[in-house]
Amino acid sequence: MAVRVAAHGEETRHQQDRPADSPPIMPTRTVSRAGYGAMIALLILSALEAYRVQRAVSGRGVELYRQYVKQDSLLFELRENVWRSSVYARDFFLSPLPDRGRTFKLQLQQLRDNSQRAMEELGRLGVPERSRREVNAKVQELWEVLEGITDSKEPMDSLAAHEFVQREIRPR
């Protein structure tokens, strides 16, 4: 087979050496350029797909973090309400004012409403029902104990009040 040097993309074989029905031969340089172009296109498409996947994963990570922060904030609010209720109970026992029972009930109702709102929000955030029920049962038990203070017919002296706080409020 006779081969000659191609000049400016000419065919590399003589016409008489090729069968008549064979397709025309592409120059080597053109084939190489097409191959490199295809590889670069694949690399660009792969980079774009990797970027899309990375954004999706990052977005999900940010959303999970925000949900965690919101849940933590609501749990902190519940803990703060429990802590405040113990402070209000202490103030109730120490206060000499005649309307201390009414004030204490109003304070407890406000804390109870805040706690209920926080529990509902935890439910919307997808906290498992079992966990919410356990926390809610403990908090409701505390509210019932505290509301029982003002329902008592006999006023407590300071020793009885101290024992009540140590027995009923402090462990919670």
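Refer to the structure presented above.
Residues numbered from 1 in each chain as written. Predicted model: local features only at pLDDT ≥ 70, side-chain atom pairs only at ≥ 80, totals over all residues. Heavy atoms only, no water.

Scanning the chain from N- to C-terminus turns up 4 helices and 0 strands. The linear arrangement of helices and strands in the chain, starting from the amino end, is α-α-α-α. Burial status across the chain gives 21% buried among its 172 residues. Long-range pairs, those at least 24 residues apart, make up 61% of the contacts in the chain with a sequence separation of at least 6. By element, 57% of the accessible surface of the chain is carried by carbon and sulfur atoms, the whole surface being about 13000 Å². (Helix = DSSP H or I, 4+ residues; strand = E, 2+ residues; numbered from the N terminus. Buried < 20%, exposed > 50% of the residue type's maximum accessible area, 1.4 Å probe, protein only. Contact = heavy atoms within 4.5 Å. Areas by Shrake-Rupley, 256 points an atom, 1.4 Å probe, with all protein chains shown as cover.)

So, on to the nonpolar core. Among the nonpolar cores identified, the biggest contains 17 residues, and Phe 104, Leu 146 and Ile 149 are the most heavily contacted of them. Mapped onto this core, the elements with two or more residues apiece are helix H1 (28-94), helix H2 (100-124), helix H3 (129-151) and helix H4 (158-169). When residues of this core are assigned to their parent elements, the largest contribution, 6 residues, is made by H3. In contact with Ile 149, other than residues within four places in its own chain, are Ala 89, Phe 92, Phe 93, Phe 104, Phe 164 and Ile 169. Judged by nonpolar contacts, the second largest core, of 7 residues, contains Leu 78, Ala 118, Met 119 and Leu 122. (Core = buried A, V, L, I, M, F, W, Y, C linked by side-chain atoms within 4.5 Å.)

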